[in-house]
Amino acid sequence: MSSGSRCRGAALCLGRLLRDSPERDDAEVADQVAEDLLRMFGLPGNEAHEICRQPLPDLETAADRQGATA
C-alpha cells in the first residue's frame, strides 16, 4: 500500500469517525491520527507524539518563510 493510499484512508476514516461521533474532540482525534500515520511512516513513537502535540505554525508566517527560500 502506498503512502498516499494510507493518508487518504486515514483522512476518510477520520471524517467518518467525526461524522458518526460529533461529541468527540476533533482536534484530539486529528492529532492521534496524525501521530499514528507518522509512526506508520517510521518515526519513533515519542518523536511522533512530540511533533503532534506542538501548535500548528501561523500560515502567514509559514508562507513568508517559504517565499524567502524560493
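So, here is what we can say about the structure in this document.

Calculation rules
- Residues numbered from 1 in each chain as written.
- Predicted model: local features only at pLDDT ≥ 70, side-chain atom pairs only at ≥ 80, totals over all residues.
- Heavy atoms only, no water.
- Helix = DSSP H or I, 4+ residues; strand = E, 2+ residues; numbered from the N terminus.
- Rg over C-alpha atoms; globule rule 2.2 N^0.38 Å.
- Buried < 20%, exposed > 50% of the residue type's maximum accessible area, 1.4 Å probe, protein only.
- Contact = heavy atoms within 4.5 Å.
- Axes fitted to C-alpha atoms, helices over the stretch in contact; angles between N-to-C directions.
- Left-handed = near helix turned anticlockwise from the far one by under 90°.
- Nonpolar A, V, L, I, M, F, W, Y, C, P; charged D, E, K, R; others polar.
- Salt bridge = Lys/Arg side-chain N within 4 Å of Asp/Glu carboxyl O.

### Focus on the overall build of the protein chain
Summing up its helical and strand segments, the protein chain has four helices and zero strands in all. In sequence order, the secondary structure elements of the protein chain are arranged as α-α-α-α. Radius of gyration (C-alpha) of the protein chain: 15 Å, far over the 11 Å computed for a compact globule of 70 residues. Over its C-alpha atoms, taken along the principal directions, the protein chain stretches across nearly 40 × 30 × 25 Å. Of all 70 residues assigned to the protein chain, the portion counted as buried reaches 11%. Of the contacts formed within the protein chain by residues at least 6 apart in sequence, a portion of 25% connects residues at least 24 apart.

### Quick word on the packing of helix 2 (residues 26–40) against helix 3 (residues 45–52)
It is the contact of helix 2 with helix 3, at a shortest axis distance of 9 Å, that shows an interaxial angle of 145°. The chirality of how helix 2 crosses helix 3 is right-handed. In this structure, helix 2 uses D31, A34, E35, L38 and R39 to contact helix 3, whose residues at the interface are G45, A48, H49, I51 and C52. A per-class count over the contact of helix 2 with helix 3 returns five nonpolar, two polar and three charged.

### Describing the environment of L17
Examined against the element boundaries, L17 turns out to sit in helix 1 (residues 3–20). With 17 residues separating them in the primary sequence, L17 and A34 have C-alpha atoms 14 Å apart. Among residues more than four places away in sequence, those in contact with L17 are R24 and V29.

### A word on the pattern of salt bridges
Two side chains of opposite charge can pair, provided their charged atoms sit close to one another. Across all of its chains, the model carries five salt bridges by this definition. Between R53 and D31 there is a salt bridge, with the nearest N and O atoms lying 3.5 Å from each other. Of this pair, R53 sits in the loop between helix 3 and helix 4 (59–69) while D31 sits in helix 2, placing them 22 residues apart in sequence. Residue classification places R53 among the partly exposed positions, given a relative accessible area of 34%. One network of salt bridges, in which partners are shared, links E28, D31, E35 and R53.

By themselves, these are just geometric observations and shouldn't be taken as functional.
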